[in-house]
Amino acid sequence: MFIPDLAPDLTFPRLDPTQANRDFAFAVKRAAMEPHIIKKWDWDEAHQRQIHAEHFAEKPFFAITLKGERIGTVSMQSQVSYVRFGEFYLQPEHQRHGIGARVLEHCLSIADEMDVPVRLEYLRWSPVGSLYTRHGFIEAGRSDLNIFLQRPAKSVRESA
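Cut-off values and rules
Residues numbered from 1 in each chain as written. Predicted model: local features only at pLDDT ≥ 70, side-chain atom pairs only at ≥ 80, totals over all residues. Heavy atoms only, no water. Helix = DSSP H or I, 4+ residues; strand = E, 2+ residues; numbered from the N terminus. Buried < 20%, exposed > 50% of the residue type's maximum accessible area, 1.4 Å probe, protein only. Contact = heavy atoms within 4.5 Å. Expected span 1.5 Å × (residues − 1). Pairing = 2+ DSSP bridges.

Chemist: I'd like to hear about the overall build of the protein, residue by residue, with values.
Modeler: The helix and strand inventory of the protein stands at 5 helices and 7 strands. Mapped in sequence order, the helices and strands of the protein form the string β-α-α-β-β-β-α-β-α-β-β-α. Within the protein, the proportion of its 160 residues that are buried is 46%. Within the protein, residue pairs in contact and separated by at least 24 positions form 59% of the contacts whose partners lie at least 6 positions apart.

In structure tokens:
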């Protein structure tokens, strides 16, 4: 999948599977998620790195760059009947400035062009859920750790 630039200042270069890119993506995830993970557990660096390495190997990662500075990551993966969205992390100093909403809206517009639903999951006690519900996602399920959301395809939303 390809994520086009979002004028005037955001780009989404694909992260090749190098150690430097894996380390960058992990550092962003740690900065964004560690405060939420430690609400339930200690931060287990080895365990978190293992999970991250598995995710980095199984799906495409893109950097989120603001005016050329890498400030986050996102993953979009086209499946047979939906788009999987995830690994959406911004450095804390770039959160709560509207960047996340812009990135999400941009990615959702790509799925709208494909006319497919978007699926994602997030950690149950992360505050990001409110962003997703504001953008039309509805709960599709829960586990002990995650909330699973889906946003209907554009044609389904238009007919509702």
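Having seen the model, we can carry on.
Chemist: Which residues make up helix α3 (residues 99–114), and what values do they have?
Modeler: End to end, α3 covers 23 Å across 16 residues, agreeing with the expected 22 Å (1.5 Å per residue, within 8%). Buried residues of α3: I99, G100, V103, L104, H106, C107, L108, I110, A111 and D112, and no others. Just downstream of α3 lies D115, where phi reads positive at about 60°.

Chemist: Provide a residue-level description of the pairing of strand β7 (residues 146–151), including the pertinent values.
Modeler: Here strand β5 (residues 118–123) pairs with β7 via 6 bridges, running antiparallel. Opposite R119, over in β7, you have Q150 as the bridge partner. Here strand β6 (residues 138–142) pairs with β7 via 4 bridges, running antiparallel. Within β7, the position partnered with I138 by the bridge is Q150.

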